Every structure is written in structure tokens, then in C-alpha cells.
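A closer look at the structure
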Number of protein chains: 2
Amino acid sequence: MKALVTVMPKTGVLDPQGKAIGHALAGLGFAGVGEVRAGKVIELELAETDPAKARAAAEEMARKLLANTVIESFSVSLA
Amino acid sequence: MKALVTVMPKTGVLDPQGKAIGHALAGLGFAGVGEVRAGKVIELELAETDPAKARAAAEEMARKLLANTVIESFSVSLA
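To start, this report covers the structure provided alongside it. Fair warning: this is a prediction, and the values are worked out from it, not measured in the lab.

An order of S3(A)-S1(A)-S2(A)-S2(B)-S1(B)-S3(B) is seen for the six strands of this open sheet, with the pairing classed as antiparallel. For this open sheet the edge positions go to strand S3 (72-78) of chain A together with strand S3 (72-78) of chain B, each flanked by a neighbour on one side alone. Going from strand to strand, the sheet's axes swing by 25° on average, the running direction of each strand aside. Direction of pairing for strand S1 (residues 2-9) of chain B relative to strand S2 (residues 33-46) of chain B: antiparallel, over a ladder of six bridges. Of the residues in S2(B), the one forming a bridge with B:Thr6 is B:Val41. The strands touched by helix H2 (residues 51-66) of chain A are strand S1 (2-9), strand S2 (33-46) and S3 of chain A together with S2 of chain B; relative to S3(A), the strand with the most contacts, the crossing angle is about 155°. Relative to the sheet, helix H2 (residues 51-66) of chain B contacts S2 of chain A together with S1, S2 and S3 of chain B, its axis offset from that of S3(B) by approximately 155°.

Shown next as C-alpha cells:
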């Protein structure tokens, strides 16, 4: 079963990568682009077949390794 | 209107970041983790309100800046 962990900087946390992307888009002539935030996504292939257990495992992995919960929030979706 | 651009390494392309995460998870004692792939997600706040035009704009941005289409594939979702 596949789990997708999306990690984004928390609201209010400075996001220099997002800012840089926003500036680059403006420089390329893209208008009407407001805030840009950059995060990461980790696709995990899990042996677990029970959705609830797979979700719990992915959340545990996110808390322990994938996300820095001081400055980042994460969400897990199963596919 | 918010657009979410997800950029992942194409199948077959070496993903050292994903491999490193996989090894780290194994080192932390997480069992049953198969392939791990790491990508990025860019959240764009667009002034455009028409969903079709917003999607087209986000795809254009992905092709021109956000993704390296030689080694990465991208998908756009609107929120």
C-alpha cells in the first residue's frame, strides 16, 4: 500500500525557497502569482495492507524523521 | 485560487534522497518499507479564478521552472 506524506512549512514560518520560486516566476513574466510555498512529498511503499495501520505507521515516520514538527506540518494520504 | 504542483522523479531515474530516507527509516526500526521516492510540492496562490486557465498557467510554470521534465514528472491539482 502506498502512503504519501506531504510536508509543508507551517504558516508564519519563513519559506525562502518559496520566495525564490515566486521571484523567479515573476522574472519569467508570470503575473498574478501571490504567495508561493515550497514543501516536500515522500512516497512510501508499505508492506502493511490495513489502511488504518498504514496511516498510523506513516504518521509515526513523519513525526520521527520526515518532518521537523517545530517548523513543518505534515499530512498523510493513502493510495 | 490555489494550485498545487507535485514534482516527482520519473520512474527509473535514480533518487538518492528517497534511498537515504529509506535507509534512515530502516535504521530507526521501521519494517515493511519498500521503495521510497522523494519529490517536492509547490503551493501557488493564483489570482486567476477560472479553473481551466489556472491549471494551464500552473502547468506552464511547472514546465518552464518548477520541474526538470527530463528527469521529473509533475501533476497539478487545484484547491
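Before going further, it helps to spend a moment on the interface of chain B and chain A. With 29 residues of chain B at the contact, the number on the chain A side is 29 residues. Each partner contributes to the roughly 2300 Å² buried at the junction of chain B and chain A, and carbon and sulfur atoms together form 73% of this total. For the pair chain B and chain A, the interface holds zero salt bridges. Counting the contacts that link chain B with chain A gives ten residue pairs in polar contact (both at pLDDT 80 or more). Elements with a contribution of two residues or more to the side of chain B that touches chain A: S1, helix H1 (16-27), S2 and H2 of chain B. Broken down by element, the side of chain B that touches chain A gets its largest block of residues, 14 residues, from S2(B). Here the side of chain B that touches chain A is built from residues that sort into 18 nonpolar, four polar and seven charged.

The rules behind each value
Residues numbered from 1 in each chain as written. Chains lettered and ligands numbered in written order. Predicted model: local features only at pLDDT ≥ 70, side-chain atom pairs only at ≥ 80, totals over all residues. Heavy atoms only, no water. Pairing = 2+ DSSP bridges. Helix = DSSP H or I, 4+ residues; strand = E, 2+ residues; numbered from the N terminus. Axes fitted to C-alpha atoms, helices over the stretch in contact; angles between N-to-C directions. Contact = heavy atoms within 4.5 Å. Buried area = accessible area lost by both parts, 1.4 Å probe. Salt bridge = Lys/Arg side-chain N within 4 Å of Asp/Glu carboxyl O. Polar contact = N/O pair within 3.5 Å; in protein donor to acceptor, adjacent residues only side chain to side chain. Nonpolar A, V, L, I, M, F, W, Y, C, P; charged D, E, K, R; others polar.

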